[in-house]
Amino acid sequence: MAISIIYQGSATNESFRGLIAAVEDPGDRREMYLIVGRSIQSNVRKYYRSFEASRKWVNPSAPTHGYGRMKSRFGEGIARAWSSVEATEDGVTITNTDPRLAIKISGGVIEAKRAKALTIPVDPRAHNRRAIEFQSWFRLKLFRPRGKDYLAVIEDDGSFSVIYLLRKRVKVKPVKGAMPEHVDLDDSLEADIVKILWRKF
């Protein structure tokens, strides 16, 4: 599910609203909204990069914190995914193409589809690694004990560790701030729109 921001000239700045209204040619209006859309795109990316830097995606109570945890750069992926800017004479739509964002915003249930079960990491080394990647990287064989709903390994020292839980579905809680309440527009936008207007003279 894609997430979009739709802008149709509802700027809080009165002078900016006046400039938008003054652009009458359909082609010029599309150009104007494209400029606005790229400004929103730039600023929403800044928001998500700041969100990532502040570690707001991270659940500190999760069991996957500790030695061997691999950084996922999830937030950078979300920021880059604000990649589609489509303008018309009536407004502009900026879309995030990463399907992971929607469930972070609203929460929901993820169900196993192509596999029999979801593998839920519960060991720091398994964070952001699929089961096959875990085995290859650490050279440890995952196995499922009979009657159990988890994957485990026998460590090099002979100890037993649970690495992934096996679940048919998992409920995901929404992340506060996963969608910005508002996105600021650049101060330079008014000057850019004035340039469009000046072409008529």
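Starting from 1, residues in each chain are numbered consecutively following that chain's sequence as written. Local features are withheld for residues below a pLDDT of 70 in this predicted model, meaning they are given only at 70 or higher, and side-chain atom pairs are given and counted only at 80 or more; totals for whole chains, interfaces and linings count all residues. By convention in this description, side-chain values take in all heavy atoms of the structure and omit both hydrogens and water.

Colleague: For the overall build of the protein, give the residues involved together with the corresponding values.
Modeller: Of regular secondary structure, the protein possesses six helices and eight strands. Going along the chain from the N terminus, every DSSP run of H or I of four or more residues is numbered as a helix, and every run of E of two or more is numbered as a strand. For the protein, the succession of helices and strands along the chain, N to C, is β-α-α-α-β-β-α-β-β-α-β-β-β-α. In the protein, which comprises 201 residues, the proportion classed as buried is 35%. Taking contacts inside the protein between residues at least 6 apart in sequence as the whole, the part at least 24 apart equals 67%. Areas reported as accessible are Shrake-Rupley estimates using a 1.4 Å probe. Residue values count occlusion only from the protein chains shown. Of the roughly 13,000 Å² that the protein leaves accessible, carbon and sulfur atoms contribute 51%. Think of it in three bands: residues with accessible area under 20% of the maximum for their type are buried, residues over 50% are exposed, and the middle band is partly exposed, with areas taken using a 1.4 Å probe on protein chains only. Pairs of residues are marked as contacts when any of their non-hydrogen atoms sit within 4.5 Å.

Colleague: Just give me the short version of the confidence of the model for the protein, but keep the residues and values in it.
Modeller: A score from 0 to 100, pLDDT tells how confident the predictor is in each residue. Looking at the protein, the pLDDT average stands at 87 and 87% of residues meet or exceed 70. Here helix α6 (residues 189–198) is the element of the protein with the lowest mean pLDDT, 61, and strand β6 (residues 150–154) is the one with the highest, 98.

Colleague: Please set out the pattern of salt bridges residue by residue, giving values where relevant.
Modeller: By salt bridge we mean one thing: a side-chain nitrogen of Lys or Arg within 4 Å of a carboxyl oxygen of Asp or Glu. Applying the stated criterion across every chain, the model contains eight salt bridges. Across the pair Asp123 and Arg125 runs a salt bridge, and its minimum N-O distance is 2.9 Å. Of the two residues, Asp123 and Arg125, both sit in the buried class. Asp149 is paired through a salt bridge with Arg167; the nearest N and O atoms lie 3.0 Å apart. Placement of Asp149 in the loop between α5 (131–138) and β6 and of Arg167 in strand β7 (residues 160–167) is noted, with a sequence separation of 18 residues between them. When its relative accessible area of 37% is taken as the criterion, Asp149 is described as partly exposed. When its relative accessible area of 29% is taken as the criterion, Arg167 is described as partly exposed. Salt bridges here are not isolated pairs; linked through shared partners, they connect Arg49, Glu76 and Arg80.

Colleague: Could you give me a rundown of the sheet that holds strand β3 (residues 92–96), with the residues and numbers involved?
Modeller: The pairing criterion for strands is at least two bridges between them, as found by DSSP. Across the sheet, which stays open at both edges, the three strands sit in the order β1-β3-β2 with antiparallel pairing between neighbours. A strand with exactly one partner marks an edge of an open sheet, and here the two such strands are β1 (3–7) and β2 (82–87). Neighbour-to-neighbour, the strand axes of the sheet open up by a mean angle of 20°, direction not taken into account. Pairing geometry for β1 and β3, over five bridges, is antiparallel. Its bridge partner being in β3, Ile3 is matched across the sheet by Asn96. In this fold helix α2 (residues 26–53) packs onto β1, β2 and β3, with an angle of close to 160° to the strand it touches most, β2. In this description, a line fitted to the C-alpha atoms serves as the axis of each element, helices being fitted only across the stretch in contact, and the angle between N-to-C directions of two axes falls anywhere from 0 to 180 degrees.

Colleague: Which residues make up the sheet that holds β6, and what values go with them?
Modeller: The three strands lie next to each other as β5-β7-β6, forming an open sheet whose pairing is antiparallel. Looking at strand neighbours, the two that pair on one side only are β5 (118–121) and β6, the edges of this open sheet. Each adjacent strand pair in this sheet contributes to an overall mean axis angle of 30°, direction not counted. Across five bridges, β6 lies against β7 in antiparallel orientation. Across the sheet, the residue bridging to Ala152 is Val162, located in β7.

Colleague: Please give an account of the environment of Phe138 that cites residues and values.
Modeller: Here Phe138 is to be found in helix α5. Judged by its relative accessible area of 24%, Phe138 is partly exposed. As a C-alpha pair, Phe138 and Gly68 span 70 residues in sequence and 10.0 Å in three-dimensional space.

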